[in-house]
There are 2 protein chains.
Amino acid sequence: MSEKGLTYRGAGVDISEQNKAIELFKSAVKSSYNQHVLSDVGSFGGLFDAAFAGYSHPVLVSSIDGVGTKTKIAHALGRYDGLGADIVNHCVNDILVQGAEPLFFLDYFAASKLSAQVAAQVVESAAHACKQNGCALIGGEIAEMPGVYAEGEIDIVGCIVGVVDKPNILPREVQPGDALVGLPSEGLHTNGYSLARKALFEVGGFDLHDSIGTLGETIGDALIRPHKSYLADLRPHLASGAIHALAHITGGGIEANLSRVIPAGLRAQIDFESWTPPPIFDLIRSAGSIPESEMRAAFNLGIGMIAVVSSPDPLLGSIPGSVQIGVAAAE
Amino acid sequence: MSEKGLTYRGAGVDISEQNKAIELFKSAVKSSYNQHVLSDVGSFGGLFDAAFAGYSHPVLVSSIDGVGTKTKIAHALGRYDGLGADIVNHCVNDILVQGAEPLFFLDYFAASKLSAQVAAQVVESAAHACKQNGCALIGGEIAEMPGVYAEGEIDIVGCIVGVVDKPNILPREVQPGDALVGLPSEGLHTNGYSLARKALFEVGGFDLHDSIGTLGETIGDALIRPHKSYLADLRPHLASGAIHALAHITGGGIEANLSRVIPAGLRAQIDFESWTPPPIFDLIRSAGSIPESEMRAAFNLGIGMIAVVSSPDPLLGSIPGSVQIGVAAAE
């Protein structure tokens, strides 16, 4: 047992920093629990009571995703407290488009070098977003991986499980003439950051801290704003059966994501002039001289979710900022 | 629309490479499906029929984890075809210790620069391991994150959901005098790679391709062997009710993981001389002059799972290589 022998800590993995992080976020995680959660923080697996009441035929809906290179904006700003909400709300929306209510969520946080403070900011943010969406942050993993991540970089992954009653699975039958109602995004959400960073900072020469008149805020503030959850806005309309399909506008943009729910024989006819994208998108476009086709394929352009409905009025009347952006037309 | 304008691909994100990867692994993923899977490859969320037959009170058990820096060994060897099995089997074991059968699994693959071939090797490996464990690879995400990952590096994360009937949740009551039966590991599994690499390659000066007499193989072969799933070996003993508790030996080693299931008033009394660790552990220890306490805290030392049982004979008689390594003694 040489005193000069190697230790795990000496190899770049500090278990005590992991434990410190867990202590910091433990109470926030517990606050997301509900009566379905049967396990405590730190058990091998999260236990969730699956004796669902009120479902004739429960179907579990699950999704896994990451926040992408938005982490680099957070790192540059030193503000990690929105990234947890980013990944939770992204995942909530991903299963919402199949009609599901979220049940529980698991998060993965990895870094080249672990900072308990940073990990705790992310996990606390995730826990609060879980609570707002009525789901439990039931499990997670913190990994310290020297040499795999670039110096100072982190990655954040989330996995969500929700439930929908089988007869209510979306999409339903989309009809010719159905209205496409766009729900406003709050910026880039979690897509297109590699392109946005290159356009704004490498080509355009802007700085994150630049205050831009058209934005009314700094570029950093516009870019770091968390992904929005559409659950609360859409829940009443799901219950009424009014919604034929939903498309979460993520990588690929409006057309690629809509095309996943518009059946053969119909096409989404979108009027890109029917809404005004938030000014951050204009800034990115002009800074990088980005072709409009690339903008449409990389960004949500101000529309974070699209509902396909026979009548747009109930949504337009109840969801602030929503706008009809097109129709499902016969080909 | 400048021809010189920036594109998503120009910013380091190549959607076509992602689509190529999906084409490559699609059929393997589909082969893991069973009658519970209601969605197809590429839907927003994975749909899994939750009308469980034969459960009086189903409880969902979930876990998320990564393979850690084992990816660096795979990268150096150019062999990625075990990493999917690594993460699936790791996750299967994590929920097995609470008595759960796996239902479905989701994978996340991220890289600094995406190679469709590498991603497909990992996902196909995960799909085959899922099939072997009777669970469906129901969802996944491929992320290309230039600048977040170090050049050529990847990360692999998995999330699993299983089910257990509430009366069968483990751990049950562990009794004084219960036997601790160790089940053999197949090497490091997915823990301790940062320490092992530092000891073997930086301090010891070994090369991955070195053939070592005591190993009977190259160091690379010994290090890349996938994590073992203990589901098939333990399933019969779970059904009989013979198992009081299970501990999956991951980060923290034998003592830290056992302590999570040994109740207050009892302690795990382990005879570290009662089995012979695989030779790779001796090589790591001597190469890095690693203190025994560090070895025990970082590695499984040849024991990948420990079953706590009143009578060891049924396990010892049916699971090759299993050995009684101690008892749960009164303090």
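Residues numbered from 1 in each chain as written. Chains lettered and ligands numbered in written order. Predicted model: local features only at pLDDT ≥ 70, side-chain atom pairs only at ≥ 80, totals over all residues. Heavy atoms only, no water.

Description of the sheet that holds strand 4 (residues 136–144) of chain A
In space, the five strands of this open sheet follow the order 4(A)-3(A)-5(A)-2(A)-1(B), with mixed pairing throughout. Each having just a single partner strand, strand 4 of chain A together with strand 1 (46–49) of chain B make up the two edges of the open sheet. Across this sheet, the average inter-strand angle for adjacent strands is 15°, counted without regard to direction. With eight bridges joining them, strand 3 (residues 101–111) of chain A and strand 4 of chain A adopt parallel strand pairing. In the sheet register, Phe105 of chain A faces strand 4 of chain A, and the bridge partner there is Leu137 of chain A. (Pairing = 2+ DSSP bridges. Helix = DSSP H or I, 4+ residues; strand = E, 2+ residues; numbered from the N terminus. Axes fitted to C-alpha atoms, helices over the stretch in contact; angles between N-to-C directions.)

As for the domain arrangement of chain A
All names here are of chain A. In terms of domains, chain A is made up of domain 1 (15–168) and domain 2 (179–330). With 23 residues of domain 1 at the interface, the matching set in domain 2 holds 28 residues. In total, about 2100 Å² of surface goes out of reach between domain 1 and domain 2, with carbon and sulfur atoms giving 64% of it. Looking only at domain 1, the three residues that lose the most surface to domain 2 are Lys70, Ile73 and Leu96, adding up to 27% of its buried area. Put simply, domain 1 and domain 2 have two salt bridges between them. (Domains from an automatic or database assignment. Contact = heavy atoms within 4.5 Å. Buried area = accessible area lost by both parts, 1.4 Å probe. Salt bridge = Lys/Arg side-chain N within 4 Å of Asp/Glu carboxyl O.)

Observations regarding the sheet that holds strand 11 (residues 303–309) of chain A
Residues and elements named next belong to chain A. Pairing within the open sheet is antiparallel, and its five strands lie in the order 9-11-6-12-10. Looking at which strands have only one partner, the edges of the open sheet turn out to be strand 9 (243–248) and strand 10 (266–270). Taking the axes of each pair of neighbouring strands and ignoring which way they run, one obtains an average angle of 25° across the sheet. As paired elements, strand 9 and strand 11 share five bridges and run antiparallel to each other. Residue pairing in the sheet places Ala245 in a bridge with Val308 of strand 11. Taken strand by strand, helix 3 (residues 83–96) contacts strand 9 and strand 11, and its axis lies near 145° from that of strand 9.

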